[in-house]
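Structural features, examined
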Amino acid sequence: MTAAPEQALRGRDAASFVATFAGIGGIGCVMDFWWVGGGPWVAWAMALGLGCAGGTLVGSLWYGLLEAPARLHLRRPGAIWIVTALVYTLWLSLELGVLARFGSRYHGLAVLGLVASVAAGLGIYMLSWTFGRRHAEAGPPWALQTRTRGRALRAALCGLAIVAILVDRSFFPQEHPAAHATLRVATLSALGLAATSFPAVRPRSARHTLGFVGAVVVALAPFTIMGGPSASRVRGLFAAPPWVLTLRAAPMCAQALTALRRLTDVDADGFSHTLWGGDCAAWDGDVSPGGTDIPNDGIDQDCSGVDATVHIIDPASTFTPEKPSPRSVLLVTVDTLRADHMSLFGYPQQTSPGLDRRASRLQIFERAYSTGPWTSIAIPTLLRGVYARRLRWEPYVETNEGRMLRVQAPPKLMDNEQPLNLFMLPEEDSPPPLPWWLQRRGMLTMAVADDRDSELLDPSTGIAVGFDVFVEGDEVQGADPDDAVVNRAIEALEGVSDDEPWFLWVHLFGPHAPSTRHPSSPTFGVGVVADYDHEIHFADAQIERLIDAAIRKDPRVAYIVTADHGETLLPNGRHHGFKLTDDLIRVPLLLGGAGLPVGRVATPVSTVDIVPTILELTETPAPAYLDGRSLLGGLEQGRMIYSDVWRHREDGSLHSEKAAALDGSVRYVVSGTENAGRFTDLQPSGRSQAGLEAAVDLQRYVRLLHEYREKGVLVRARSPDQKPEPERGEP
């Protein structure tokens, strides 16, 4: 049976159609903002405006797509829908790197990405065929020809929206942005098409036109609230209010803000001059928060407020002692190991019994922080004793053949070889790593580094500089990889002469995803957290075995156990490398050895402190430029600690960038790509924002973080005209 109102639909009223999408977008964004915590009234207004703007964009696109065949009088009306679906399928598959990942260790993700891309394209075509008008003189679309059909489709679309929301927020969080954008647009599209199919929103009327005008006004509100700021505000340090980061945590709001910023990015540098996008030069594509600041040229290419500087150093000028080191040193780093999931740090499950038994012989630093939540940042800085901003970084691409290639000087690709992921790694002229200093003073330097699912620790990246022996993880085989890695490390120790001091670095990968079952370790239940705890228990057993072997080899050995970074654990998965929260940057840090201090230390420390500590243990003079402080001396109270993270897209453009300053009381995190900062209280009492402002000098964090970000990079002298700075004092 055909309903009279539905027969009347010969052409959609554009105003009511788009206004309906705008309203749904506004409601969705406000609900999302409420879910993540909300903010002041101006933030709620911003959320409503962003939602309406995003809904307006999506509604306008759907209106054009559904009405195009009828308006253009196409002989084959479905052709435009097929072409649109195919183009979107191709675009999404390329964004997800489907072709490059086939046949690589990411083959499963490639298959999943292909299925998702085809499903998205098929969804576009099915919705277009169902709701689109084929001829100007034709009746209503197929979906609206009967009430029963309309009700069934509306129910199906609501179900589709729910599924899209659940998938968006449960799987691969903060990864694969194109897929998440597709899911969010699918949510808005499904709800919008369901709403516009109701008879009440279809007839043309002044009321609907008025609604459209109102939606447009609300959609323009973000440009008023977050309009183009003055140059003085942009060039200050992160002028956007903290609630901008809360908005970005709401998926629907974040999607709308991203779309609007892209539309207003007039110089195509990836950043907008308006909407607090941070671009301080709207018409200059070489100047933006993602730009590379050329040092000492008088131009602020990265919109930080000051020009970058470079400090030339000459490590070779540092005194080298002739006397042999009094100790050997073992350094153990464990990938993705959180301190708060070790029983040594109070976790209720007995995940670290081996280190628990040794606790009385250890100095345990209860508040140690990594320099970054990603191996590519954390390990290079840990091994150099300087923070990430003090190094100069260059892009490398990881290929489907398991090679890491420098983008600046790429070798010829092999047959069927394609780039997969882009990483930033230190340039060759960066300060030398710890093994370089120890090798230079006569110690035997060895490494067994397992980076099972990546090539970040491959010798081609420069990680092997200074090591006499370097065994990369790909050479280690076995069902229990951490077991095999430790076996290789013990073999390396057994080959060292008894009177030769040595340094051994062992990197274990076990707690990193994917999880592996180990019959020798207990299970702690079912799920992501249980599997993670199981892996920690197995890694702990291998660490205990390795320390015992090192002590047998040299009773005076000093050993340090830490992690590169932590891990965010979710019900359906886990990840790292995106945030600077405690679950990602708070790591275990243990120091042991004959004659060394023992006990628990509450003073915050950093992984950059490991290099000066080992240099002191081996009586190796330390260069003045180090950011770290020896853990053997009196620890500085109130010292500010820094951590960084950034992600780049495959084309090299900056995706996100954050930096943090913390001292155990407060953590201040700023996002360069969002032009905003946020304070977090680290005290268990959980002080309110007003209480925090009354108790702590928050501007100190802002000032020190700004000074850190602009302190300048360290570069090794390469030619006679490059004069190093004096060894006295900070560079």
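Please refer to the structure placed before this passage.
Residues numbered from 1 in each chain as written. Predicted model: local features only at pLDDT ≥ 70, side-chain atom pairs only at ≥ 80, totals over all residues. Heavy atoms only, no water.

**With respect to the overall build of the protein chain**
For clarity, the threshold we go by: Here a helix means four or more residues in a row that DSSP labels H or I, a strand means two or more in a row labelled E, and each is numbered from the N terminus. A 1.4 Å probe rolled over the protein chains alone gives each residue an accessible area, and that area as a share of the maximum for its type sets the label: buried under 20%, exposed over 50%, partly exposed in between. Here, residues are in contact when the closest pair of their heavy atoms is within 4.5 Å. Only the protein chains shown count as cover for residues, and the accessible areas themselves come from Shrake-Rupley with a 1.4 Å probe.
Counting secondary structure elements, the protein chain contains 22 helices and 20 strands. Put simply, the protein chain has 731 residues, and 56% of those count as buried. Within the protein chain, residue pairs in contact and separated by at least 24 positions form 69% of the contacts whose partners lie at least 6 positions apart. When the accessible surface of the protein chain is summed, it comes to about 30,300 Å², and 60% of that surface belongs to carbon and sulfur atoms.

**Some remarks on the pattern of salt bridges**
Our working rule: Here a salt bridge means any side-chain nitrogen of Lys or Arg lying within 4 Å of a carboxyl oxygen belonging to Asp or Glu.
Counted by the stated rule, this structure contains 25 salt bridges. Notably, a salt bridge pairs R338 with D340, separated by 2.8 Å at the nearest N-O pair. Residues R488 and E491 are paired through a salt bridge, measuring 3.9 Å at the closest nitrogen-oxygen approach. Here E491 and R488 lie together in helix α17 (residues 481–494), a separation of three residues that amounts to about one turn. E491 sits in the partly exposed class, given a relative accessible area of 48%. Residues joined in a network through salt bridges with shared partners are R389, D644, E657 and R709.

**Re unusual backbone geometry**
With omega at 0°, the peptide bond leading from A513 into P514 counts as cis. Here P514 shows up in the loop between β9 (502–508) and α18 (528–553). Even without being a glycine, L275 presents a positive backbone phi close to 55°. Mapping L275 onto the fold places it in the loop between α13 (251–263) and β1 (310–313). Residue L275 is classed as buried on the basis of its relative accessible area, which comes to 0%.

**Comments concerning the sheet that holds strand β16 (residues 641–648)**
Heads up, the rule is: Two strands pair if DSSP finds at least two bridges between them. The convention used is that axes are lines fitted to C-alpha atoms, helices contributing only their stretch in contact, and that angles between N-to-C directions extend from 0 to 180 degrees.
Spatial strand order, β16-β17-β18-β19: four strands in an open sheet with antiparallel pairing. Two strands bound the open sheet, and with one partner strand each, they are β16 and β19 (676–681). Each strand axis lies, on average, 15° off the axis of its neighbour in the sheet, ignoring direction. Taken together, the five bridges between strand β17 (residues 654–662) and strand β18 (residues 666–671) define a ladder with antiparallel strand orientation. Across the sheet, the residue bridging to A659 is V670, located in β18. Contacting β16, β17, β18 and β19, helix α22 (residues 698–709) runs over the sheet at an angle of about 50° to β18.

**Some details on the sheet that holds strand β6 (residues 419–426)**
Hydrogen bonds along the backbone pair up the strands of a sheet, which may run parallel or antiparallel. Taken together, three strands build an open sheet; the order of strands is β5-β4-β6 and the sheet is antiparallel. In this open sheet, the two strands that pair with only one neighbour each are β5 (404–406) and β6. Neighbour to neighbour, the strand axes of the sheet diverge by 35° on average, direction disregarded. The pairing of strand β4 (residues 393–399) with β6 spans seven bridges and is antiparallel. Of the residues in β6, the one forming a bridge with T399 is P419.

**Observations concerning helix α3 (residues 41–72)**
Selection criterion: Here a helix's expected span is defined as the number of its residues, less one, multiplied by 1.5 Å. Fitting axes to the seven residues that end at a residue and to the seven that start at it, the angle between those axes gives the bend at that residue.
Taking 1.5 Å as the rise per residue, α3 with 32 residues should run 46 Å; its terminal C-alpha atoms sit 45 Å apart, in good agreement. Where α3 bends most, at L66, the angle is about 35°, and the proline P69 comes one to four residues later. At the C-terminal side of α3, H73 shows a positive phi close to 55°.

**Quick look at the state of the cysteines**
Formally: Whenever a pair of cysteine sulfur atoms sits within 2.5 Å, that pair is classed as a disulfide.
This model, assessed by the stated rule, comprises two disulfides. Note on cysteine connectivity: C29 is disulfide-linked to C253, with sulfurs 2.0 Å apart. What sets the handedness of the C29 and C253 disulfide is the S-S torsion sign, and at about 130° it is right-handed. Of the two residues, C29 is situated in helix α2 (residues 14–35) and C253 in helix α13; the sequence distance between them amounts to 224 residues. Each member of the pair C29 and C253 is classed as buried. One disulfide in the model links C280 with C303; its S-S distance is 2.1 Å. Taking the sign of the torsion about the S-S bond as the criterion, the disulfide between C280 and C303, at about -85°, is left-handed. Here C280, found in the loop between α13 and β1, pairs with C303, found in the loop between α13 and β1; they are 23 residues apart in sequence, far enough to count as distant. Look at the protein chain and number its bonded cysteines as they come in the sequence; the links are 1-2, 3-4.

**Describing the packing of helix α8 (residues 177–196) against α13**
Spelled out, the test is: With respect to orientation, any angle under 35 degrees is reported as roughly parallel, any angle over 145 as roughly antiparallel, any angle of 65 to 115 as roughly perpendicular, and every other angle as oblique.
Look at α8 against α13: their axes get within 10 Å of each other, and the N-to-C directions meet at 105°. One finds that α8 runs roughly perpendicular with respect to α13. Across the interface between the two elements, A181, R184 and L188 of α8 pack against P251, M252 and Q255 of α13.

**A look at the packing of aromatic side chains**
The criterion, for reference: Between 30 and 60 degrees the pair is tilted, below 30 it is stacked and above 60 it is edge-to-face, where a pair is any two Phe, Tyr or Trp rings, Trp via its six-membered ring, whose centres lie within 6.5 Å.
Counted according to the given criterion, the structure contains 16 aromatic pairs. Ring centres of Y387 and Y642 lie 5.4 Å apart, and the angle between their planes is 90°; on these two criteria the pair is classed as edge-to-face. Residue Y387 is found in the loop between α15 (375–382) and β4, and its partner Y642 is found in strand β16; the two are separated by 255 residues along the sequence. Exposure remark for Y387: the relative accessible area of 4% places this residue in the buried category. By relative accessible area, Y642 is classed as buried at 10%.

**Observations concerning the pairing of β4**
Along β4, seven of the seven residues are buried, which leaves the element largely enclosed by surrounding structure. Judged by which residues are buried, β4 turns out to be covered on both faces: W393, P395, V397 and T399 on one side and E394, Y396 and E398 on the other are all buried. Where β4 meets β5, three bridges bridge the pair, whose relative direction is antiparallel. Counterpart to V397 in the pairing with β5 is L405. From the end of β4 to the start of β5, which pair antiparallel, there are four residues, and G402 there has a positive phi angle of about 75°.

**A closer look at the nonpolar core**
Selection rule: Each nonpolar core is a collection of buried residues, namely Ala, Val, Leu, Ile, Met, Phe, Trp, Tyr and Cys, held together in the definition by side-chain atoms within 4.5 Å.
Core analysis: the largest hydrophobic core is formed by 118 residues, its most contacted members being L330, W502, F503 and W505. Here this core gets eight residues from one element, more than from any other, and that element is α18. Setting aside residues up to four positions removed in sequence, F503 forms contacts with V329, L331, L434, L438, M443, L444, T445, M446, F467 and I614. In this structure, F21, W62, L127 and A195 belong to the second largest nonpolar core, which totals 22 residues.

**Brief notes about the environment of E398**
Looking at the element boundaries, E398 is found in strand β4. The class of E398 is buried, set by a relative accessible area of 0%.

**Section: the pairing of β19**
In regular strands, side chains alternate between the two faces of the sheet. For β18 and β19, the ladder comprises six bridges, and the chain directions are antiparallel. Bridge assignment links V669 to a residue of β19, and that residue is R678. A loop of four residues connects β18 with β19, the two strands running antiparallel in sequence, and N675 in this loop sits at a positive phi of about 60°.

**Comments concerning the packing of helix α4 (residues 79–95) against α8**
Stated precisely, the cut-off is as follows: Amino acids are sorted into nonpolar (Ala, Val, Leu, Ile, Met, Phe, Trp, Tyr, Cys and Pro), charged (Asp, Glu, Lys and Arg) and polar (every other residue, Gly among them).
Where α4 meets α8, the closest approach of the two axes is 8 Å, and the angle between their N-to-C directions is 140°. The angle between the axes of α4 and α8 places the two elements in the oblique class. Where α4 abuts α8, its residues Y88, W91, L92 and E95 lie against A178, A179 and T182. Residues of the contact of α4 with α8, tallied by class, amount to five nonpolar, one polar and one charged.

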